[in-house]
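Report on the structure
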Number of protein chains: 2
Amino acid sequence: MKTKKIINDGANAVDEMLEGVLAAHSAKVFALDHSPRSIIARDGPRPGKVGMVIGGGSGHEPSFLGFVGKGLADAAAIGNVFASPPPDPIIECTKAVNNGAGVLYMYGNYAGDVMNFDMAAEMVAMEDIEVRTVLTTDDVASAPADQRDKRRGVAGNVFVFKAAGAACDKMLPIDECERIARKANDRTFTFGVALSPCSLPQTLKPNFTLGEDEMEVGMGIHGEPGISKEKLKPADAITDELMDKILDEMAAPKGDRVAVIVNSLGSTPLMELYIMMRQVKKRLDQAGLALHLSLVGNYCTSLEMAGASITVMHLDAELQEMIDHPCDCAMFRAG
Amino acid sequence: MKTKKIINDGANAVDEMLEGVLAAHSAKVFALDHSPRSIIARDGPRPGKVGMVIGGGSGHEPSFLGFVGKGLADAAAIGNVFASPPPDPIIECTKAVNNGAGVLYMYGNYAGDVMNFDMAAEMVAMEDIEVRTVLTTDDVASAPADQRDKRRGVAGNVFVFKAAGAACDKMLPIDECERIARKANDRTFTFGVALSPCSLPQTLKPNFTLGEDEMEVGMGIHGEPGISKEKLKPADAITDELMDKILDEMAAPKGDRVAVIVNSLGSTPLMELYIMMRQVKKRLDQAGLALHLSLVGNYCTSLEMAGASITVMHLDAELQEMIDHPCDCAMFRAG
């Protein structure tokens, strides 16, 4: 059975989406005339500021283009659905936000993205633009803890980008921006569960199958296989399974503060996310951790996939300051 | 086939959701100890200000509890899934936000809500609290234009509440708050289309059926029958069908300004909403109307129903000022 979608020709879905984004949010973002997949913040790039370029495949909205704006990313390079952008829009983003203080590339750790962003970095290096790259690797399901650099980046992106974007907005030098971005990523942990597949606009076919009463723990946001298929459990048991792993890896001392995202992978509604949030709070209370900030909603999605992820960022004074720093993006606001 | 949901016991879903909301957003809202379904803004009610109470069934999140906060509603009374709150939590909300200047009740025009809010209004009248009621009736599919008072309230709530909340926050007298609320409702038009059903937490069964390639035009947010079942059309054709009706009823002169919501009924992702937004903008351009504000996302949902609605508010200088007035709620921000 085909998935019903409100689209025109699936082949044009990304470009038509971008037209809609620009129509809705022209006060905040624009596309480069010569590179329409390069989305730039109207208010952000300025002399002496480290530029910040994010990006990745489409289909994860509001990631990534929703996080372009004052106090967060200066630009996003937009790929096709679930596919990395090629080097060109990344290069054009880089040139557009370069103000002589260097440019920070931040994106999820996927082979295609790494290849294309690295190629872009090499190209702009020839024009004397210094690029630093910080990959997000927050998905605890995607590799063991001692191989963190093999992990994928998922919803924790939001906090890691937010911290880095604040550092850039505070006009810190590139060494400091990079250090803060790396620390933010090191202290951010995400774990999720999928309940049903999504389908791509061009195929309208489900990208994986799950049994009628099954869930897949640790599935990636492009349908990458998870750790285990299990029988669907009650919300509290699912939340406990995710929080057990996160809290164990995070190993935060009592009294420390955390920021949390309970993220829908697409079609899981707020009611279910808040039911999970209830149990997240219980687990934080039991661990003696203070909840500084909660984001509950659609932050890093996989089209209309059903399921949810929990992200916990282990704050320190510096990260808390960065997370609280104001930002103003088309699809995300804080502070 | 049962819908998979991340819940515990379906009978507790609303109360557990509320616990999660309070855990996540304790800085913005609290529940009354003696009436846990009465959600009150921490920062809002104050001496001399008209109080504003909204409410309705659960399952439409972020409506209604997400719109409680400074500059918008002072309180929301929370019902079971797709069911009106009984009078008690409405009465307790009213007492909690009454500051001697009167209280405005605003909610969608559904028989159960009307009955319960009217009973609450009678009860608090005995304690000398003056209540005015403004029903939202923005759903153009639910009755003919000459029977506007029979229409249901749907996503246009967001703009109507926003305008009224701003009027209250500006400390206007209750006559003015009521006048502005009525004008906002009169000038707000919503039309939607459903692609697939949702299921209630207690049954996990779909609340209606649609064929594999069908959509239902004008379906209500509780699955109320629409105007017609049609074969699923391309996004532009769907958007045109919705905008034809809205623009015809609105009959706005060229040069006027509008605010727009492209709202997901639940599982329809941002990509599809922005593809619709693209065509909305084209239609506004053709009609010579200026787009002042766009909200694109989940504003008035029906759990995980697939589909979308378009809301257009015909602004004038006063409504534009109200829509632009800052507000700060748990699940919605503007200004």
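Residues numbered from 1 in each chain as written. Chains lettered and ligands numbered in written order. Predicted model: local features only at pLDDT ≥ 70, side-chain atom pairs only at ≥ 80, totals over all residues. Heavy atoms only, no water.

1. Topic: the packing of aromatic side chains
Residues and elements named next belong to chain A. This model, assessed by the stated rule, comprises 10 aromatic pairs over all chains. Seen from their ring centres, Y105 and F117 are 5.4 Å apart, and the 75° between their planes marks the pair as edge-to-face. With Y105 in strand β6 (residues 103–108) and F117 in helix α3 (residues 111–125), the pair connects residues that are 12 residues apart, well separated along the chain. One exposure class covers both Y105 and F117, and it is buried. (Phe/Tyr/Trp six-rings, centres within 6.5 Å; stacked < 30°, edge-to-face > 60°. Helix = DSSP H or I, 4+ residues; strand = E, 2+ residues; numbered from the N terminus. Buried < 20%, exposed > 50% of the residue type's maximum accessible area, 1.4 Å probe, protein only.)

2. Focus on the UniProt feature "domain: DhaK" (unreviewed entry) in chain A
UniProt records the feature "domain: DhaK" (unreviewed entry) for residues 9–332 of chain A in the present numbering. Annotated as 32% helix and 26% strand, the span residues 9–332 of chain A places its first and last C-alpha atoms 28 Å apart. (UniProt positions renumbered as here; feature names shortened; annotations may be inferred.)

3. Examining helix α4 (residues 157–169) of chain A
All names here are of chain A. Its 13 residues give α4 an end-to-end C-alpha distance of 17 Å, which sits within 8% of 18 Å, the value for a rise of 1.5 Å per residue. Of all 13 residues in α4, 13 are buried; the element is thus mostly enclosed. In the segment just after α4, M171 is the residue with positive phi, at about 65°. (Expected span 1.5 Å × (residues − 1).)

4. Things to note about the side chain of A:S142
Residues and elements named next belong to chain A. Considering the arrangement of structural elements, one finds S142 in the loop between β7 (131–136) and α4. Reaching out from S142, the side chain makes a polar contact with the backbone oxygen of D139 at a distance of 2.7 Å. Residues in contact with S142, not counting those within four places in the same chain, are K150, R151 and R152. (Polar contact = N/O pair within 3.5 Å; in protein donor to acceptor, adjacent residues only side chain to side chain. Contact = heavy atoms within 4.5 Å.)

5. Some words on the interface of chain A and chain B
If you look at the interface, chain A gives 59 residues, while chain B gives 59 residues. Across the interface of chain A and chain B, roughly 4,600 Å² is buried in total on both sides, 65% from carbon and sulfur atoms. When the area that chain A buries against chain B is broken down by residue, the three leading residues are A:K4, A:I6 and A:M271, summing to 20%. Remark: the boundary between chain A and chain B carries 6 salt bridges. For B:R278, the salt bridge is made with A:E19, and the minimal N-O distance between the two is 3.1 Å. Taken together, the links from chain A to chain B amount to 19 residue pairs in polar contact (both at pLDDT 80 or more). Sorting the residues of the side of chain A that touches chain B by element identifies α1 (13–24), α6 (235–250), α7 (270–286), β12 (290–297), β13 (306–314) and β15 (333–334) of chain A as the ones contributing at least two each. Among the elements that line the side of chain A that touches chain B, the one with the most residues is α7(A), at 10 residues. Its residues assigned to classes, the side of chain A that touches chain B comprises 31 nonpolar, 12 polar and 16 charged. (Buried area = accessible area lost by both parts, 1.4 Å probe. Salt bridge = Lys/Arg side-chain N within 4 Å of Asp/Glu carboxyl O. Nonpolar A, V, L, I, M, F, W, Y, C, P; charged D, E, K, R; others polar.)

6. As for α7(A)
All names here are of chain A. Taking 1.5 Å per residue, 17 residues should reach 24 Å; α7 reaches 24 Å between its end C-alpha atoms and fits that length. Within α7, 13 of the 17 residues are buried, leaving the element largely enclosed by the surrounding structure. Where α7 terminates, the next one or two residues include G288, which has phi positive at roughly 75°.

7. Some points on the sheet that holds strand β4 (residues 69–70) of chain B
The strand order across the open sheet formed by 3 strands is β4-β14-β15 (chain B), and the pairing between neighbours is antiparallel. What marks the edges here is a single partner per strand, and that holds for β4 and β15 (333–334) of chain B. (Pairing = 2+ DSSP bridges.)

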